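Fold and geometry: a report
Here are the chains, one letter per residue:
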Amino acid sequence: DILMRVTSWQGNTRYLLNLHHQHWATCRNCGQKIKFDKCQLEEAIGKFVISSGFRVETHYLELVGLCQTCQSDFEAKNFNL
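Being a predicted model, the structure only gives us computed values, none of them experimental.

1. A few points about the packing of aromatic side chains
Within the structure shown, the criterion is met by one aromatic pair. Centre to centre, the rings of Phe-48 and Phe-54 are 5.9 Å apart; their planes meet at 50°, and the pair counts as tilted.

Given below as structure tokens:
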């Protein structure tokens, strides 16, 4: 399939081009997405494939947290409480 359906941690669905595995960091406050390319999961996925017999066609990883701007805003607001 060329399109991959992805449901975010917020329950929103979107479609991404399924050309290769993808990795994102998503800010839970402002929604900013930062793509990162280096994948350290390849070895673990390879071991999983060998042990399970499962055929992995692609994978998607999303890290959820706060971007630098929202971290600063959050800390400033909490500091002034």
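2. A word on the side chain of His-23
Tracing the backbone shows His-23 in strand 3 (residues 22–27). Using a relative accessible area of 1% as the deciding quantity, one classes His-23 as buried.

3. Brief notes about the side chain of Thr-26
Positionally, Thr-26 belongs in strand 3. For Thr-26, a relative accessible area of 7% gives the class buried. Among the polar contacts made by the side chain of Thr-26, one reaches the side chain of Glu-62 at a distance of 2.6 Å.

4. What about the pattern of salt bridges?
Taken as a whole, this structure holds three salt bridges when the rule is applied. Linking Glu-62 and Lys-33 is a salt bridge whose minimum nitrogen-to-oxygen distance equals 3.1 Å. Pair noted here: Glu-62 is in strand 5 (residues 60–65) and Lys-33 is in strand 4 (residues 33–35), with a separation of 29 residues, a long-range link. Across the pair Glu-43 and Lys-47 runs a salt bridge whose closest N-O atoms are separated by 3.4 Å. Here the residue Glu-43 and the residue Lys-47 both occupy positions in helix 1 (residues 42–52), the gap between them amounting to four residues, near one helical turn. Side by side, Glu-43 and Lys-47 carry an identical accessibility label, which is exposed.

What counts and how
- Residues numbered from 1 in each chain as written.
- Predicted model: local features only at pLDDT ≥ 70, side-chain atom pairs only at ≥ 80, totals over all residues.
- Heavy atoms only, no water.
- Phe/Tyr/Trp six-rings, centres within 6.5 Å; stacked < 30°, edge-to-face > 60°.
- Helix = DSSP H or I, 4+ residues; strand = E, 2+ residues; numbered from the N terminus.
- Buried < 20%, exposed > 50% of the residue type's maximum accessible area, 1.4 Å probe, protein only.
- Polar contact = N/O pair within 3.5 Å; in protein donor to acceptor, adjacent residues only side chain to side chain.
- Salt bridge = Lys/Arg side-chain N within 4 Å of Asp/Glu carboxyl O.

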